[in-house]
Amino acid sequence: MSLSFDLVPGTPVTAPEEIARVLSQDPGFGIHFSDHMALATWTDGIGWHDDQVTAYAPFQVDPGDAVLHYAQEIFEGLKAYRHADGSIWLFRPEKNAQRFIRSAERMDLPRLEAEDFITAVTAVTRADAAWVPGAEEQSLYIRPFMFAAESFLGVRSAKTVTFATIAGPAGAYFKTGLSPVDIWVTTTWSRAGDGGTGAAKCGGNYASSLIAGKEAYAHGCGQVLFTDAATHSWLEELGGMNVFIVTQAGELVTPPTSGTILDGVTRDSILQLAPRFGLKPVERPIALAELLEGIASGAIPEAFACGTAAVITPISAFRYAADGGDQDATLANPFGQATAALRRQLVDIQWGRAADEFGWTTRVA
Ligand SMILES: *Cc1c(COP(=O)(O)O)cnc(C)c1O
């Protein structure tokens, strides 16, 4: 039986003037939260129950709750976009729903059917429609997540699990807006290995990537690029974004997602859009040596990172440790034609300014 996530009557809402005040300044990312959240509980032997949309409020967390100790947790991230006519749309939510199922499988959490995931996301978006910004590049960021909610310190999968969806207005993800970022290539730290959790969207992957982010900041970079754990000679992805290179030969290349790389919705969309701009989409391993040589020779003029939060972020340089100090491989054309065209096309589809020929967008309000 499918879940309905009905709105609990009488939940308090923020005054329209206060919402307008928050939205009129750049809301930033992940700072403000809207009035409602979706909730459901899973109990072993019973399944999902008590699904609802209720007031956004703190959880009661028992100090013995397994998630605090063993990190049995997964999440998703997607956005609701307000079109010029005021209507509100989601972008490929079924892809997030399917990935949530795969992440749950890997972390031995219960399956939440794709239909129920989309119902929860839709219900929160509708309840908090007033929080969906209308300004350029702003959206409602939606964060579904699931965690072990059983107070038990034995090491096994939880028999009580909470599913929740929260949301909040989002402006540009990077403080610097669209300006290209320098990327630190770490060969010290790894985010994923064979048989690990790299392909699951789980908090643990983020926890283990934070130290590499610190290393990146210490080297003057805004983001970190991970290489393969075994040899540190192949590109994988950033802590929360996939990576692409554009070649002089007209290829748009990204490493394959087999096992250690997260299967990004933005990544998939970009691969499908590539032919429109005369680019050949290619999924193949990219050697760090190929990247550095290609940038030096001009064979790789553009590179970018991509993900729901920041859409496409142009890369200005890859910085890496070399004999005698840091070296930079500086892209000839950081926010070049291909990067700009792909980004424009994607955001135009998301905000309803371009024809949605793939049927990627779904109206929810
Ligand atoms: C979420 C995420 C991405 C981007 O995926 P999208 O579906 O495009 O938002 C890339 N890499 C990692 C590690 C992620 O967690």
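Computed from a predicted model, the values in this text were never measured in an experiment.

Looking at the packing of aromatic side chains
Part 1 of the reasoning: Applying the stated criterion to the full structure yields 14 aromatic pairs.
Part 2 of the reasoning: Centroid distance F33 to Y56: 5.3 Å. Interplanar angle 15°. Geometry classified as stacked. Here Y56 lies in the loop between β2 (47–55) and α2 (66–70) and F33 lies in the loop between α1 (16–24) and β1 (36–43), a separation of 23 residues in the sequence.
Part 3 of the reasoning: Residue F33 is classed as partly exposed on the basis of its relative accessible area, which comes to 35%.

A word on empty space enclosed by the protein
Gaps left between atoms show up when a probe the size of a water molecule is rolled over them.
Part 1 of the reasoning: Enumeration over the complete set of coordinates arrives at one cavity of 30 Å³ or more.
Part 2 of the reasoning: Empty space within the largest cavity amounts to approximately 100 Å³.
Part 3 of the reasoning: Around the largest cavity, the lining residues are G77, L78, K79, Y81, F91, N96, V265, T266, G307, T308, V311 and Q350.
Part 4 of the reasoning: For the lining of the largest cavity, the secondary-structure elements that each account for two or more residues are β4 (78–82) and α6 (265–273).
Part 5 of the reasoning: Considering only residue class, the lining of the largest cavity consists of five nonpolar, six polar and one charged.
Part 6 of the reasoning: Of the domains in this structure, domain 1 (16–170) and domain 2 (181–350) are the two that each give at least three residues to the lining of the largest cavity.

Focus on the pattern of salt bridges
Part 1 of the reasoning: This model, assessed by the stated rule, comprises 15 salt bridges.
Part 2 of the reasoning: A salt bridge links E137 to R343; its shortest N-O distance comes to 3.0 Å. Linking E137 in the loop between α4 (114–127) and β6 (139–148) with R343 in helix α8 (residues 337–350), this pair joins segments that are 206 residues apart in sequence.
Part 3 of the reasoning: According to the relative accessible area criterion, E137 is partly exposed, its value standing at 22%.

A short note on the nonpolar core
A general trend in soluble globular proteins is that nonpolar side chains are found buried together.
Part 1 of the reasoning: Counting 47 residues, the largest nonpolar core has F5, W48, I74, L112, I142, M146 and F163 as its most contacted members.
Part 2 of the reasoning: Here this core gets six residues from one element, more than from any other, and that element is β6.
Part 3 of the reasoning: Counting residues in hydrophobic clusters, the runner-up holds 25 residues, among them I183, M241, L292 and I315.

Concerning the site of the ligand
Part 1 of the reasoning: Near the ligand lie 15 residues; those nearest to it are K201, Y206, E237, T266 and T308.
Part 2 of the reasoning: Contact between the ligand and E237: a nitrogen atom at 2.5 Å from a side-chain N or O atom of the residue.
Part 3 of the reasoning: Starting from 380 Å² of accessible surface for the ligand in isolation, the protein chains cover 97%.
Part 4 of the reasoning: Looking at the shell around the ligand, its residues break down into four nonpolar, seven polar and four charged.

What about the layout of surface pockets?
Part 1 of the reasoning: When its volume is computed, the second largest pocket comes out at roughly 250 Å³.
Part 2 of the reasoning: Along the wall of the second largest pocket there are 16 residues; nearest its centre are D194, D228, E236, S258 and T260.
Part 3 of the reasoning: By residue class, the composition of the lining of the second largest pocket is 10 nonpolar, three polar and three charged.

Considerations on the domain arrangement of the chain
Part 1 of the reasoning: Under the domain assignment, the chain is made up of domain 1 (16–170) and domain 2 (181–350).
Part 2 of the reasoning: Relative to domain 2, the C-alpha centre of domain 1 lies at a distance of 27 Å.
Part 3 of the reasoning: Contact with domain 1, which involves 21 residues of that partner, is made by 22 residues of domain 2.
Part 4 of the reasoning: With both sides pooled, the region where domain 1 packs onto domain 2 buries about 1,900 Å², and carbon together with sulfur makes up 53% of that total.
Part 5 of the reasoning: Considering only the surface of domain 1 that becomes buried against domain 2, F75, F91 and R99 emerge as the three largest contributors, covering 30% of it.
Part 6 of the reasoning: Measuring nitrogen to oxygen at the nearest pair gives 3.5 Å for the salt bridge that ties R102 to D263.
Part 7 of the reasoning: Taken together, domain 1 and domain 2 are joined by 13 residue pairs in polar contact (both at pLDDT 80 or more).
Part 8 of the reasoning: When residues in the side of domain 1 that touches domain 2 are grouped by element, the largest group, six residues, is from helix α3 (residues 93–106).
Part 9 of the reasoning: Of the residues assigned to the side of domain 1 that touches domain 2, the class counts are eight nonpolar, four polar and nine charged.

Brief notes about the environment of G352
Part 1 of the reasoning: Along the chain, G352 turns up in the loop between α8 and β17 (361–363).
Part 2 of the reasoning: On the accessibility criterion, G352 (43% relative accessible area) is partly exposed.
Part 3 of the reasoning: On a C-alpha basis, the gap between G352 and A296 in space is 39 Å, while along the polypeptide they are 56 residues apart.

Overview of the packing of α3 against α4
Part 1 of the reasoning: Taken N-terminus to C-terminus, the directions of α3 and α4 make an angle of 125°; their axes are 9 Å apart at the nearest point. Classified by the angle their axes make, α3 and α4 are oblique. As α3 runs across α4, the sense of the crossing is right-handed. Contact with α3, carried on its side by P93, E94, N96, A97, F100 and I101, involves A114, F117 and I118 of α4 and no other residues of that element.
Part 2 of the reasoning: Taken together, the residues of the contact of α3 with α4 sort by class into seven nonpolar, one polar and one charged.

Some remarks on the pairing of strand β9 (residues 223–227)
Part 1 of the reasoning: The buried fraction of β9 is high, at five of five residues.
Part 2 of the reasoning: Of the two faces of β9, both are covered, the one formed by Q223, L225 and T227 as well as the one formed by V224 and F226.
Part 3 of the reasoning: Taken together, the four bridges between strand β8 (residues 181–186) and β9 define a ladder with parallel strand orientation. Each bridged residue has a counterpart across the sheet, and for W184 the counterpart in β9 is V224.

Definitions and cut-offs
Residues numbered from 1 in each chain as written. Predicted model: local features only at pLDDT ≥ 70, side-chain atom pairs only at ≥ 80, totals over all residues. Heavy atoms only, no water. Phe/Tyr/Trp six-rings, centres within 6.5 Å; stacked < 30°, edge-to-face > 60°. Helix = DSSP H or I, 4+ residues; strand = E, 2+ residues; numbered from the N terminus. Buried < 20%, exposed > 50% of the residue type's maximum accessible area, 1.4 Å probe, protein only. 1 Å grid on protein atoms, 1.4 Å probe; cavity = no way out; pocket = protein on both sides within 12 Å on 5 of 7 lines; lining within 4 Å. Points joined across faces, edges and corners; volume = space filled by probe spheres on them. Nonpolar A, V, L, I, M, F, W, Y, C, P; charged D, E, K, R; others polar. Domains from an automatic or database assignment. Salt bridge = Lys/Arg side-chain N within 4 Å of Asp/Glu carboxyl O. Core = buried A, V, L, I, M, F, W, Y, C linked by side-chain atoms within 4.5 Å. Near = heavy atom within 4 Å. Polar contact = N/O pair within 3.5 Å; in protein donor to acceptor, adjacent residues only side chain to side chain. Areas by Shrake-Rupley, 256 points an atom, 1.4 Å probe, with all protein chains shown as cover. Contact = heavy atoms within 4.5 Å. Buried area = accessible area lost by both parts, 1.4 Å probe. Axes fitted to C-alpha atoms, helices over the stretch in contact; angles between N-to-C directions. Parallel < 35°, antiparallel > 145°, perpendicular 65-115°, else oblique. Left-handed = near helix turned anticlockwise from the far one by under 90°. Pairing = 2+ DSSP bridges.

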